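Residues per chain, in single letters:
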Amino acid sequence: MNLYKMTGRGKRLRPVRHSLARATNWFGCVLMTLWAFQAAAQTVQISGKVSDNQGALPGVAILEKGTNNGTVSGTDGTFQLQVSSANATLAVSNVGYVTQEIGIAGKTSLEIVLVEDQKTLNEVVVIGYGSLNKKEVSSAITHLSAKDLLRTGGNNPLMAIQGKVAGLSVTNTAAADPNSSPSIQLRGASSRSAGLGPLFVINGVPGGNIDNINQNEIESIDVLKGGAASAIYGTRGSNGVIVITTKKGTADSRIFYDGYTTFDFPTNQLNVLSKDDFLKNKRGVDFGGNTNWMKEVARNPSFSHKHTLQFSGGNGKTNYFTSLDYRDANGIDLRSAKREYGGRININHKSANNLIELAFTAAPRYTKTSDADYSGFNYALTLNPTLSVHDSTGKYAYLTSGFFANNPVEVARGVKSDREYKLMDMNGSAKLNILENLNTVVTIGQVSSSMRRYLFTPSTLTTVINGSKRNTGEQILEENDQKSFEWIGNYYLDVNKHSVKLLGGYSFQYFTSSGFNAKNENFPSNVLTYNNLGSGLWNLQQGINNVGSYKNSSKLIAFFGRLNYDFDQKYYLSASLRREGSSKFGYSNKWGYFPAASLAWRVSQESFLKNVRWLNELKLRADYGETGNQDFGNYLSLDTYGGYGYYLYNGTNYQVWGPNQNTNYDLRWEKAANFNAGVDFELFGSRLSGSLNYYIRTNRDLLGNYNVSNPPNIQGQTFANVGTMRNTGFELQLNANVLRKGDFSYDLGFTGAYNNNKFVSFSNALFKGQKYVDVVGMPAPGSPGTLQRLQEDTRIGSFYALKSAGVNEQGALLVYNKKGEVIPGNQATNDDKQFVGNGLPKFTMGLSNNFKYKNWDLSVFLRGSFGYKLFNTYAFYLGTPATQENANVLTSAYDGGKYSKLTSPTTYSTLSDYFLESGGFLKVDNVTLSYTQPIQTKFLQSVRIYATTRNLATFTKFTGGDPDLINVNGLYPGVNKNGDNNGTLDYYPSTTQLLLGVQLTF
């Protein structure tokens, strides 16, 4: 504003660069002088004035089309330009306005009126079963186009939006493992035992497979955060909805190639004692070697490459888009790898009279993987550094005693753990345009996947030779299939200032899952590995079959409708209702209703704001919607029978058979009541835009197993709807065109989210009495117990442990008991525990910085989480002098810090907040530099060369490695956990990734 006032036009603000008015006047004079020397007799002098509907516009660029001849308008909007002929065409452009091309046609004076560019308001946002212009949206939705996605060499396309959507948490605790998948959570945890992730809708088909999408295929991603937006999906909308739209063909033929290589380098690693320090501190026996086990179990760097080839084209009635990709990736451990081939074809056709529109999509993918050995780095942290990888005979060296005795190099190279995936997504739709404002669409889709797992441990493995002496093999098959049929109708009506959109529909989905597994041991040879399970003798010798199989299914049926109404493009109303039934629910609760409503007021369209020139758009929103969650197993409400093992009678094994669960005919979906209030705005000629949201989500009837008396119940637990959880928060999303100066531009994007959580209740009318549950049991050695407590009226992720009071002279941990007295940690009981911290971040943010100069582009993306604690598991088990003998330890055990003071083994396994550390961090998460060169040849249109670094630097006080390695999604954030939600020491280092790529457009 100060710069603006300096130009002398302080009466009103314009969406242009007024601060440069004097400089542009000077620049215009220079241009005119230079061109005067070259003017010929046929040149024409043009003068004019540029304005908008409010008055003169300075700083507007006026260019003679097809030349470099141009000028800019002065502070009063006037300009003069000598053009080459009386038939020249002028291109008039300015930020925030629609570019115009004006033919002179013999004129010498022009009055040019520019119109504000409303493209951001007309941007298409995909919602449930349809789309709206951005200005029509009345719920909380974040729209990302392909250009907004981060360039990553990751395993899942959603890693490309990490930190890009306020309130959406995308975490991957092993990003360098090519087979790992991120954890995705929207607006906090919402369930105990049902799914926590959002519903994916891909090309209009709910339940699409996110692993079957190549990032280069994505046209846009829309995140439906508000309850009114996601309620149209009923029992699957509780955790939000992510709508992904893939690219389609156009009338212009195009071939596109994208190829890149990646190099992953371990970073922010845990440091252990060297050989000299190990012996100096008398940690174990000297075997004469000198081995850095962390280097021995890692590829440094690991190497991957990926290639994508796309074809698109067509005409006005038929177009196609085809994508093919291949990826060869390796993890930083010795075993993990991934080879995948995938493709996608989108075909769209309109009949000659536009009566019928047809669309078809097919996406097959084949993947073969080798699983990472997550325990390998764990062993590397503890193994004696004086032990060599191989002994004097060339065999793998091995210790038969001690902490985590193993040779991780031998295990990684000798044990087979492979998987084979086959994915297929198909859908087709037919749209009948009955009238110009009436149509109906039928969509049929199928999403199928098949995973076969292969496991083999050879008899030559040292651990087997010193153990069971039997090789083992196993195969596991898991198949999932989803078939869907949806029929919707749309009606549109515009009368004067009134606009109405009606939608009605029917949805049917059928899900099946099946599987098979077989295992055997004691094979006569290791050559055939897992490919001849029948040759093993173990099952016959033991009288068991080691074979299993299963199959189950479920159905989901829904009827839904929605009304969208707006008056004069100022006032917007949306209301929807879905009635849905699921076979998973109990007899008494098969069907449910999911209503939603939202309102929006475009205040900027009111007459009293028309003259506020710096305000381009201001919209107030409020919405309410009820959603559900039915992401749990089938048949949990029914009487089911299963095996209870075997018993031997007269030399014959008989299987025990009986009821294996308590029935619950009242089982129903989890309910979520979602309220959202927000504001969308665009300021200063749309240079600054964004949104602010406040939400309250209350999840009731949480699903989970609850303890019941036995008898009268058959089992001691029942899967039931008990409990209430609430999440509240603020979200801010900003985009700013910070600078436009000549060929240079700088754009900034910011996302910030604050979340507050409370587990409200554990009880309901039927299940009462339970106020809390202790969770996250920590593993041996010792008996540490549980680390967190899930309790009524508390925030999830609450650490429940002893409160430390320092360390005594004997090196023993001191704690407070329940009376507030200081006692040694080994004398404390569970009654002395208290809440000592929380592992759920309070605030998360992302900051995008995009610079452009001529053909160069630079993006720098920062990401951070703040306001939470992490439990340093590695310091607890491996970071003190009290760690078990004959094991290596972290350097923190002898660096003079607080962990080095714990020398007494008496309190070695005492859980306390002594090991809680601040988890807050700020990352330089993604930096991409690219150069694009247009090439006007017969075959090639452009070349783009780019380089990306991921996880370049992390600023944190946490000493347990990269804080991103500890998951903060789910019910138990802030501590390393395994699949059973108990503590684990498994460790997979983070990496800095260097990605080098090229894109060719033909």
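Residues numbered from 1 in each chain as written. Predicted model: local features only at pLDDT ≥ 70, side-chain atom pairs only at ≥ 80, totals over all residues. Heavy atoms only, no water.

Chemist: Hey, could you go over the pattern of salt bridges for me, with residue numbers and the actual values?
Modeler: All told, the structure shown has 31 salt bridges when counted by the stated rule. Between K803 and D913 there is a salt bridge, with the nearest N and O atoms lying 3.9 Å from each other. Separated by 110 residues along the polypeptide, K803 in the loop between β41 (798–801) and β42 (804–807) and D913 in the loop between α10 (873–878) and β49 (916–918) bring together distant segments of the chain. Connected through shared salt-bridge partners, D325, R327, E340 and R365 make up one network. (Salt bridge = Lys/Arg side-chain N within 4 Å of Asp/Glu carboxyl O. Helix = DSSP H or I, 4+ residues; strand = E, 2+ residues; numbered from the N terminus.)

Chemist: Tell me about the sheet that holds strand β3 (residues 61–64), and please be specific about residues and values.
Modeler: Strand order across the open sheet formed by 4 strands is β4-β3-β6-β7, with antiparallel pairing between neighbours. For this open sheet the edge positions go to β4 (70–72) and β7 (100–103), each flanked by a neighbour on one side alone. Pairwise comparison of adjacent strand axes, ignoring direction, gives a mean angle of 20° for this sheet. Pairing between β3 and β4: 3 bridges, direction antiparallel. The partner of L63 across the bridge, within β4, is G70. (Pairing = 2+ DSSP bridges. Axes fitted to C-alpha atoms, helices over the stretch in contact; angles between N-to-C directions.)

Chemist: Please set out the sheet that holds strand β11 (residues 141–145) residue by residue, giving values where relevant.
Modeler: Judged by pairing direction, the sheet is mixed, and its 5 strands sit side by side in the order β11-β16-β17-β14-β15 without closing on themselves. This sheet does not close on itself; its edge strands, each paired only once, are β11 and β15 (205–206).

Chemist: How would you explain the packing of aromatic side chains if you had to name every residue and give the values?
Modeler: All chains considered together, the criterion is met by 34 aromatic pairs. Look at F744 and F851: their rings are 6.5 Å apart centre to centre, the planes differ by 35°, and that puts the pair in the tilted class. Of this pair, F744 sits in strand β38 (residues 744–761) while F851 sits in strand β46 (residues 843–853), and the two are 107 residues apart along the sequence. The exposure class assigned to F851 is partly exposed, which follows from its relative accessible area of 26%. When the ring of W856 is compared with that of Y931, the centres are 4.8 Å apart and the planes differ by 55°; the resulting orientation is tilted. A residue pair is termed long-range when its members are at least 10 positions apart, and W856 in strand β47 (residues 856–866) and Y931 in strand β50 (residues 921–934) qualify at 75 residues. Judged by relative accessible area, which is 42%, W856 ranks as partly exposed. (Phe/Tyr/Trp six-rings, centres within 6.5 Å; stacked < 30°, edge-to-face > 60°. Buried < 20%, exposed > 50% of the residue type's maximum accessible area, 1.4 Å probe, protein only.)

Chemist: Hey, could you go over the side chain of N471 for me, with residue numbers and the actual values?
Modeler: Following the sequence through the fold, N471 ends up in the loop between α8 (462–465) and β25 (472–495). A polar contact of 2.7 Å, which involves the side chain of N471, links it to the backbone nitrogen of F523. Side chain to side chain, N471 and N526 meet in a polar contact 2.8 Å long. Aside from chain neighbours lying at most four places away, what touches N471 is F456, T457, P458, S459, N520, E521, N522, F523, S525 and N526. (Polar contact = N/O pair within 3.5 Å; in protein donor to acceptor, adjacent residues only side chain to side chain. Contact = heavy atoms within 4.5 Å.)

Chemist: So what's going on with the pairing of strand β39 (residues 772–778)? Which residues, and what values?
Modeler: The pairing of β39 with strand β40 (residues 785–791) spans 6 bridges and is classified as antiparallel. Across the sheet, the residue bridging to D774 is R789, located in β40. In this structure, the hairpin formed by β39 and β40 is closed by a connection of 6 residues, where G782 is found at a positive phi of approximately 80°.

Chemist: Please give an account of a positive patch on the surface that cites residues and values.
Modeler: Side chains of K671, R700, R726 and K758 sit close together on the surface and give a patch of like positive charge. For K758, the position within the fold is in strand β38. By relative accessible area, K758 is classed as partly exposed at 36%. (Patch = residues over 30% accessible without salt bridge, like charges linked within 9 Å, V, L, I, M, F, W, Y side chains within 5 Å. Areas by Shrake-Rupley, 256 points an atom, 1.4 Å probe, with all protein chains shown as cover. Lys, Arg positive; Asp, Glu negative; His and termini not counted. Charge placed at Lys NZ, Arg CZ, Asp CG, Glu CD.)

Chemist: I'd like a rundown of the environment of R299, residues and numbers included.
Modeler: In this structure, R299 sits in the loop between α5 (293–296) and β19 (302–314). Take R299: its relative accessible area is 22%, and that puts it in the partly exposed class. Placed 368 residues apart in sequence, R299 and L667 show a C-alpha to C-alpha distance of 49 Å. Within the structure, the side chain of R299 is placed 2.9 Å from the backbone oxygen of L334, a separation counted as a polar contact. Among the polar contacts made by the side chain of R299, one reaches the main-chain carbonyl oxygen of S336 at a distance of 3.0 Å.

Chemist: Give me the lowdown on the confidence of the model for the protein, citing residues and values where you can.
Modeler: Keep in mind that low pLDDT regions are not for reading the predicted coordinates in detail. In the predicted model, the protein carries a mean pLDDT of 87, and the fraction of residues at 70 or more is 93%. Looking across the protein, the model is least confident in helix α1 (residues 2–6), with a mean pLDDT of 36, and most confident in strand β48 (residues 869–871), with 97. Considering only residues more than four positions removed or in separate chains, one finds that residues 1–41, a stretch of pLDDT under 50, has 57 contacts. (pLDDT = per-residue confidence, 0-100.)

Chemist: Hey, could you go over the pairing of strand β52 (residues 990–1001) for me, with residue numbers and the actual values?
Modeler: Across 12 bridges, the pairing between strand β18 (residues 254–267) and β52 is antiparallel. Within the sheet, the bridge partner assigned to T267 lies in β52 and is S990. By the bridge criterion, 9 bridges tie strand β51 (residues 942–956) to β52 in an arrangement that is antiparallel. Each residue of the ladder has a partner; that of Y946, found in β52, is G997.

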